Amino acid sequence: MKVVAGVAGAAAAGAVVVPAVAVVGAAANAPRLPGRPPGSDDGWRTVARWEQLAVGTPLQAHVIGAEVDAWNVSPDRRLGTVWLLRGGEGPETLRALSAVCPHLGCLIDHTERGFVCPCHNSDFSARGAALRGPSPRSMDPIEARVRDGRVEVRWARFRLGGAERIREEG
Amino acid sequence: MTSPSRWRSFLEERTGLPSALGRAVDVAVPGGPRWRRVFGASLSALLLLEAVTGAAMMTVYSPSTTAAWSSTWYLETVLPWGRLVRGIHHFGMHAIVALLVLHLVQVVLDRASRKPRELNHLLGLALGGLVLFAAMTGFPLAWDQRGYWVSRIEIGIIGSVPVLGTSLQRLLVGGAHFGQFTLTRFHTLHVWLVPLLLLLGVRAHIAMVRRHGLKGDAGRGDPQARWWPGQAARDAVAALLSVAVVTWMARRWGAPLDAPADPASHFPAVPTWFFSPLSQLLRYFPGPRQVIGTMIIPGALTTFLALLPWIDRSESRWRRALVLSPLLLAGLGAVALGVQQRRGLAKPAFVRSLREAQHTAWRARRLARAGIPPEGPLEMVRNDPAVRPGELFAQHCGTCHAVRGLSQQRKGPRLDGFGSREWATAFVVWPDHPELMGTTEIHDMSGQRRRLRDEGVRAVAEWLYSRGYEPGESAPDAALVAAGETIYRRRCTTCHQGEGDTSETEAADRDAPNLDAWGSRAYIRAQMLNPGARENYGERNHMPRFHDRMNERDLTMVVDFTRSLRTRPAPAVMEQPAEPPTP
Ligand code: FES
């Protein structure tokens, strides 16, 4: 009798709790919308024109695209912000850095001193290397290229807070 | 038999309620009632107040990224009493945290955590943690800038916890990024799970207090004193006082509502006062040493508090002072850190970004009054008709064209006044002026002025003005327009495309832009979409094409904005000198 009471009780509780916990856990992995399989978009987005960039003056540009958040798809959203650096004459000198601070994700500003994060005073060099402050690593590079005078980047986000640079999927 | 006692025995027989109530208030308060023991009651009152106001707000609030801010704004601004209820909920939370600190101080000083109350002390600490968690999960629910950014930082701290951090973070946030699931999860935690745990915890806490009796002052006062009515009266007055203070603060200041959360903005995120010491601590521990600030120091402090009943066992004053000194130091340290953080807020850069943020918030609340589109409040702010067109213009056109207050570039003509008579006149009079075509490679208009008398210039400018004129604006002078048209069709169409006399050149050789719709929306649009079209500047064009760089809505905004520039003063270009200065 005691066994029956225990087993039946536990089974009844489990039948309720397991699916409930599972659904909460599943949403943590942010499943993709079935109509938007991976690879349905190559990810390159135009953010500026090459001639807008001047050597030595980083340009802040917003990455605009469709943002998918759970069931919402919003066209023309700012997916993120990048700093574009031009090193010299040719387009091969283009570099793009994510403006998201690797520390805790505030947006990095540019001042005469170089790149700075206003939140906890992380300083970065003119090329994005971490100099001072709590940022655990240098600014995260973003893939960039020039096509027909258009500067294109492939936006990506990285895990915050660690010395290691880990790309966040989805 | 008097009727009250009849009722009493009637109820007693059926429910046992009266005697249960009697037992409920029969708590030992050795030493008699004291004001210093009212914290528990005030805290309970405030927790109840949070539950009531929270439930009231749930009837309005909608936890979605596109509706959270909007529904909060509606509650705050449109619904009568909404501001008060939200304010009470907001300041209630602050008051609870403040009272918790006082309660803890009282417990420590009164030795109220010692045997047999150790477990209740631990439970109390856990409840304190739960309250902070409730505050943390409630903060971003309005999905405004401050809530969003402060939460992102807090979640970042959780993520930096070794080993478990990342999974915990994903579980809380609902994926890798802040978004819809963050809101639904925080909402569930804030309105359901945390209150449920708090309710059970507080019940157990109070039950244990009743079991042990309130900690008394040994040897002083009446050792047999009961809670009812002396302490009860004090508790009630204290509860009333806390509620009154909270309500007053709510009326006076109301809960803040910033601009809608914008992940792509720079927001000067300042945590609430009770998280400030922690956030200030972060600044001192860069990089991999961050765990010291986020985990080790707060963890050590919590452990010390938890072990207090076993550490603090002496009755000697001096021994106690020694044992408790780390707590005093920690308290002073927290205050110092908090002050240090507030001092940092006076920096000019910070003040500036704060002011900008306040302005955006003000604009957002203003725009919302006409209703918020279904895409959400962020889109509403982004498309603010007072800001967005100028931003777009500065971003796309300002890289070459000068416009006062937006851009200083001079790779193309200044567009202040573009479309006006004055601008047209300036252009005819001195097209190669550095504010006009001077810095471009197109100089074919040079010297054309000489073919016209002054009235001719006026007439052509008037005709040009009439091309983009819209009803409601200063009406063109019909006679001048007619005269101007005649001159233009005879003289200018040698180069300019469109109807007119082409006797001097072959029609096919004409390569200057067609000005028949000059300054109109259609003209601006065509020029933006394809400036290199034959109709416009053809092969000599240097202006970029915007056909693939803006969506229709943005394009329309820029066109409208450019057209609106005609009301601004045109570049002050006087007559071209006989010998134009070589650039
Ligand atoms: S988020 Fe950039 S320094 Fe902390």
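The structure displayed is predicted, hence computed values, not measured ones.

So, how was this worked out
Residues numbered from 1 in each chain as written. Chains lettered and ligands numbered in written order. Predicted model: local features only at pLDDT ≥ 70, side-chain atom pairs only at ≥ 80, totals over all residues. Heavy atoms only, no water. Helix = DSSP H or I, 4+ residues; strand = E, 2+ residues; numbered from the N terminus. Rg over C-alpha atoms; globule rule 2.2 N^0.38 Å. Buried < 20%, exposed > 50% of the residue type's maximum accessible area, 1.4 Å probe, protein only. Contact = heavy atoms within 4.5 Å. Areas by Shrake-Rupley, 256 points an atom, 1.4 Å probe, with all protein chains shown as cover. Lys, Arg positive; Asp, Glu negative; His and termini not counted. Charge placed at Lys NZ, Arg CZ, Asp CG, Glu CD. Core = buried A, V, L, I, M, F, W, Y, C linked by side-chain atoms within 4.5 Å. Pairing = 2+ DSSP bridges. Domains from an automatic or database assignment.

*Asks:* Would you take a moment to explain the overall build of chain B for this structure?
*Replies:* Each helix and strand counted, chain B has 21 helices and zero strands in total. What you see for chain B is a C-alpha radius of gyration of 37 Å, clearly larger than the 25 Å of a compact globule of 583 residues, by over 25%. In terms of principal-axis extent, the alpha carbons of chain B reach across some 120 × 60 × 40 Å. Across the 583 residues of chain B, 47% fall into the buried class. Here the analysis covers contacts within chain B between residues at least 6 apart in sequence; of these, 68% occur between residues at least 24 apart. When the accessible surface of chain B is totalled, it reaches about 30100 Å², and 63% of it is carbon and sulfur. Each charge class in chain B was averaged separately, 68 positive and 49 negative side chains, and the resulting centres sit 17 Å apart.

*Asks:* Please clarify how the nonpolar core should be interpreted in this entry.
*Replies:* The tendency in soluble globular proteins is for nonpolar side chains to be buried as a group. Counting residues in each nonpolar core, the largest one holds 79 residues, and the members touching the most others are Val47, Leu84, Phe115, Ile142 and Val151 of chain A together with Ile155 of chain B. Counting residues in hydrophobic clusters, the runner-up holds 43 residues, among them Ala424, Ala426, Ala461 and Leu565 of chain B.

*Asks:* Would you explain the pairing of strand β9 (residues 141–147) of chain A in this entry?
*Replies:* Strand residues, when the strand is regular, have side chains that alternate between the two faces of the sheet. All names here are of chain A. As judged from the two bridges shared by strand β4 (residues 94–98) and β9, these two strands associate in the antiparallel manner. Counted as the bridge partner of Leu97 is Pro141 from β9. The sheet contact formed by β9 and strand β10 (residues 150–154) spans five bridges and is antiparallel. Along β10, the bridge assignment pairs Arg145 with Glu152. Between β9 and β10, which pair antiparallel and follow one another directly, the connecting turn spans two residues, one of which, Asp148, has a positive phi of 50°.

*Asks:* In this structure, what is going on with the domain arrangement of chain A? I would like to understand it.
*Replies:* Think of interface size as the accessible area that goes away when the parts come together; that is how it is often given. Taken domain by domain, chain A comprises domain 1 (1–30) and domain 2 (37–168). Here domain 1 of chain A and domain 2 of chain A have C-alpha centroids that lie 44 Å from each other.

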